[in-house]
Amino acid sequence: MAFTILVDAITYASWLFVVSLGLTLVFGVLKILNIAHGSVYALGAYAAASCVAVVASWKLAPAFSLVAMLLAAAGVAAVVGPLLERTLLARFYGRDEVLLLLVTYALFLMLEDLTKLAWGVHPYFVSEPLQLFGNFALGPMRLAGYDLMLVALAAVCGVLTWAVLNRTTVGKIVLAVIHNPEMSASMGVNVQRVYTGAFTAGMFLAALGGAFTAPLVSVQPGLSVSVIVVSFAVVIIGGLGSIPGAAIGALVVGLARAASVHLMPEIELFSIYLVMAAVLMFRPEGLFQAVKARLI
Amino acid sequence: MRTGTLHLPCRRRGALRGLAAAAALAVATGACAQEAFKLGIVTFLSGPAAESFGVPAGNAAKTIVEQFNKGGAPAPFDKRGFGGMPIQTVVVDEAGGAAKQVQELRNLYQRENVDAVVGYIGSGDCLAVAPVAEELKKFLVLFDCGTPRIFEDAAYKYVFRTASHGAMDNVSLARYLKSRNVKVGAFNMINQDYAWGQDSKADFAAAMGALMPQAKPGADLLPKFGAGQYGTEVSALASRPADITYSSMWGGDLQAFILQAGGRGALKDTTLVLSAADHVLPGLLDKVPDGTVLGARGAYGILSARSPLNDWFQSTYASANGGVPPVQASYRMTQALLGLKLAVERAMAANGGKKPTPEQLADALRGSSWPSPGGEIRMVLGNGHQAIQGTAIGRTKFDPAARRVVAVDVQTFRAECVNPPAGTKSLDWIKAGMPGARCD
C-alpha cells in the first residue's frame, strides 16, 4: 500500500509540478499571481489536440505526436506570453498586487470564452501519445508508460529551469531582477526584457503542462479551473517564487491526495487544503521562501 | 439572455451558430398578427456540463421549435407552433449557480414575460428555482435534473418534471445485472463528490443490496467534480479487484477516467457499469471497453427502440446538427417540448382557443401522458407533476466498420418496474426491496 501511494503521489506530483513551476516562476520574477495561468494550460491542451490531429492526418509516425505537442506548447507561449505581458500586464506594474490579481482573473474569463470561440464546446481526444507508451507492471501496480514519461518530463523541466537560473548568465540576470529590479536597471539590465522572457517561459510551462495532459483527458471547456486551484495550493505550500518549493509542494499535495484516496476517500478534497493550512500555520511564507528583510 | 433566437455553440470549431427560429416562423406562417407563445429555455451553454448535456439539449430545443413552427412534426404534434401560436424562444445559460438561476428565472417571467419556462439540468438549480416559479404562480417544466427530492419533499401546482428522476438509473442497472446473471461477487464504485454522485451511489448500493445481496461493496471513491486526474483512483480501484465498477460520472470526468484507466490496462478485469454515459460514446469510440453496461435514464439514443416518432426525431436532429446523433439530454428536452405542446393545445381547446393561463396549462399537463421518441411519458408521481417512463440498459460494442459504438443485449424495463410508486420516497422504496414493482 505504501509503495502504491508513493508511486501515485509521484505521478500526480509530476503533472502538477510542471504547471506550478510556471506559476511560481512568474510570481518570482514579476510578482504576479497569475490566475490566467490555468487558461494558458487549457490553450496548450487545445493547441496540442489540434497539432496531433494534423500530424495524424499527415500519416506521420505516432512518435511525431510528441514533437507536435512540444511545438504546440512553444507556439502558444510565443504568441500569448509577449502579447499579454507587453500589451496588458506591463500597464499595471507598480500598482497594487490585488489589482494585478483582478486583471489576471479578467484575463482568465476572457481566455475561457476565446478558447470556446476558437475550438467550440465539443471534446477533443488525442490518445495516440498515450497508446505509444503502452503499460507495464511495477510491483503490485500496472502503470501507463506515458505516466513514466510525464515524471521524466517534470524532472527535465525542473532541472533545466534550475540550471538556467543558477548556471547561466541569463539566469544570473533574472535572479538579480528578482532580488532588486531597480538596482538591476541601474546596472544596465533591460528589466522589461527580463519580465517578458520570464513571463513567456512561465506561459510555456503552463502550455506544456496542458499539452502533455491532453492525451489523458477529454479536452473541453472547464479544463483550466481545477488545475489553477490546486497549483495555487502547491506554490503556497512550497513558498511563492521558489522552484524547490514548487517541487516539494507538488510532492506534498500528491502524497496527501494519494494517501487520502487509498486510506480515507471521503476526505480527498479536504486533505490537500488541510496540509496547506498546516504548513501555513507554522510557516506562513511557505516551506521554501526565506523571510525577507525590508529594503528600506 | 437572448430573445427570439437560439444561439448555441456548434460542434465545429469556430464558434457559435444561431438560428432565427421565430423570425422565419412569422413569415412562414403568416401569423404576424397572431399572438406568440413566448418560451424560456434554460440550459448550460457554458461550463463543464455544456458539452455533454447543455448544448445537446439546446440543440434539440432549437430543432424541435423550428419543426413546430413550420408544422413539420408528425401527428399528434403537427399543428404549427403551439396551437397555431408561433413560438418565440428566450434562451438563458444555466451556468453560474443556483442563486444566479433564481434571478434569471425571475427575469424571464417578470421582464421577458415568458408564458412558460422549460429548463434546468443541475439538480441544485431545480431545487432552487421550483419554489420561485410557485411563488410567482408561473408555469415551469423541469426537463432533465435527476434528484428525486423535487416532488418527494415538496408539492407544487405550477412546476412539473417531464422525465423520470435518477432513482430509475440505478434500479434498472441492478435489475439488468440480475436478469442477465452477471457474476458480481464484489463491486467497486467511483462517483463525483457532489449531490448527483452521492445520491447515485446510495441508490445503486441499495439496489444491489436488495437484488444481489451476495455482491459485496468494495472501493467507494468520490473524486471531486472536474478532478481531471484519476491515476490514484485507478490504483485504488485496482487494489480492490471487483467484478464490476459502477460509476455515475459523466462528461469530461468520465471520459478522462476511461482514458486513464484504459491506458493502464485497468479495465480488462472488471466490467464498467455506467448509469449516464451514452453521451461519451461518440467521442471515445473504441476506448470504451466492449461489454460496458450502459444506461441513459430512458430508452434513448443507441438504447432506443425504433418507432416512427423516434426515426423522425433522430433524422431531424442529426440533419439539423451536422450529423451528430441525439443523446439523452436531447431526448429529454424533446419530450418536455412535446408534452408542453400537447398541454397548451389541450388547454386552448378547453378555453376557446385563447392563450392559456399558467393555471390552465397546469391543469392540462397534470396527470397527462404522451408519446415521445424514447417511449411513453406519463405524469403519475408527485400528484401528476412528475413523469415516469420506461428505460433500457444494454452493453456497448464498438463497430469498427461504422466507426461507432452500438448497443447489444439491450433490455427494456417498463416504468412501473424501475420507478417507485406514488407516495413513496425512492431510497426507502429501494431499501425495502422495491415493493409493488411491476416487471412482467
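Worth saying up front: this structure is predicted, and the values here are computed from it rather than measured.

A few points about the nonpolar core
Counting residues in hydrophobic clusters, the biggest one holds 248 residues, and the most contacted among them are A48, A207, A211 and V253 of chain A. Taken domain by domain, this core gets at least three of its residues from each of domain 1 (2-165 + 305-388) and domain 2 (167-296 + 390-431) of chain B.

Things to note about the confidence of the model for chain A
Residue-level pLDDT values for chain A average 89, and 97% of them are 70 or greater. Of all the helices and strands in chain A, helix α5 (residues 128-132) of chain A carries the lowest mean pLDDT, 85, while helix α3 (residues 64-87) of chain A carries the highest, 94.

Here we look at the domain arrangement of chain B
Residues and elements named next belong to chain B. We note that the domain assignment places domain 1 (2-165 + 305-388) and domain 2 (167-296 + 390-431) within chain B. A C-alpha centroid distance of 28 Å is found between domain 1 and domain 2. Mapped onto the side of domain 1 that touches domain 2, the elements with two or more residues apiece are α2 (48-69), α4 (123-136) and β15 (377-381). Element by element, the count of residues in the side of domain 1 that touches domain 2 is highest for α2, at five residues. In the side of domain 1 that touches domain 2, the residues fall into eight nonpolar, nine polar and three charged.

Things to note about helix α12 (residues 328-350) of chain B
Residue and element names in this part refer to chain B. Its 23 residues give α12 an end-to-end C-alpha distance of 33 Å, which sits within 8% of 33 Å, the value for a rise of 1.5 Å per residue. Buried residues dominate α12, accounting for 20 of its 23 residues. In the segment just after α12, G352 is the residue with positive phi, at about 85 degrees.

Thoughts on the packing of helix α11 (residues 243-263) of chain A against helix α8 (residues 231-238) of chain B
At a minimum axis separation of 9 Å, α11 of chain A and α8 of chain B run at an interaxial angle of 30 degrees. As far as their axial angle goes, α8 of chain B and α11 of chain A are roughly parallel. The way α11 of chain A lies across α8 of chain B gives a crossing that is right-handed. Residues R257, A258, V261 and H262 of chain A of α11 of chain A touch α8 of chain B, and the partners they reach there are T232, E233 and A236 of chain B.

Topic: the interface of chain A and chain B
At the junction of the two partners, chain A supplies 39 residues and chain B supplies 42 residues. Only α1 (2-30), α4 (97-119), β2 (141-144), α6 (145-167), α10 (223-238), α11 and α12 (268-282) of chain A provide two or more residues apiece to the side of chain A that touches chain B. In terms of residue count, the dominant contributor to the side of chain A that touches chain B is α1 of chain A (five residues). Of the residues belonging to the side of chain A that touches chain B, the class tally is 21 nonpolar, eleven polar and seven charged.

Considerations on the pairing of strand β10 (residues 216-221) of chain B
Looking down a regular strand, the side chains alternate between one sheet face and the other. All names here are of chain B. Sheet topology places strand β9 (residues 186-190) next to β10; four bridges connect them, and they run parallel. Its bridge partner lying in β10, F187 is registered against P217. A crossover connection joins β9 to the parallel β10 through helix α7 (residues 195-211); in handedness this β-α-β unit is right-handed.

A closer look at the sheet that holds strand β18 (residues 404-413) of chain B
Residue and element names in this part refer to chain B. If you walk across this open sheet you meet the seven strands as β10-β9-β11-β12-β13-β17-β18, and the pairing is mixed. Only two strands of the sheet have a single partner each, and these edge strands are β10 and β18. Helix α6 (residues 167-179) contacts β12 (271-274), β13 (293-294), β17 (391-399) and β18 of the sheet and is inclined by roughly 70 degrees relative to β17.

Some points on the packing of helix α2 (residues 37-57) of chain A against helix α9 (residues 191-213) of chain A
All names here are of chain A. For the pair α2 and α9, the least separation of the axes is 6 Å and the interaxial angle reads 50 degrees. The orientation of α2 relative to α9 falls into the category oblique. The chirality of how α2 crosses α9 is right-handed. Together, H37, V40, Y41, A42, L43, G44, A45, A47 and A48 of α2 and M203, A206, A207, L208, G209, G210, A211 and T213 of α9 make up the contact between the two elements. Residue composition of the contact of α2 with α9, grouped by class: twelve nonpolar, five polar and no charged.

How each quantity is defined
Residues numbered from 1 in each chain as written. Chains lettered and ligands numbered in written order. Predicted model: local features only at pLDDT ≥ 70, side-chain atom pairs only at ≥ 80, totals over all residues. Core = buried A, V, L, I, M, F, W, Y, C linked by C-beta atoms within 7 Å. Buried ≥ 20, exposed ≤ 12 C-beta atoms within 10 Å, placed from the backbone. Domains from an automatic or database assignment. pLDDT = per-residue confidence, 0-100. Helix = DSSP H or I, 4+ residues; strand = E, 2+ residues; numbered from the N terminus. Nonpolar A, V, L, I, M, F, W, Y, C, P; charged D, E, K, R; others polar. Expected span 1.5 Å × (residues − 1). Axes fitted to C-alpha atoms, helices over the stretch in contact; angles between N-to-C directions. Parallel < 35°, antiparallel > 145°, perpendicular 65-115°, else oblique. Left-handed = near helix turned anticlockwise from the far one by under 90°. Contact = placed C-beta atoms within 7 Å. Pairing = 2+ DSSP bridges. Right-handed = clockwise from strand over helix to strand, strands pointing away.

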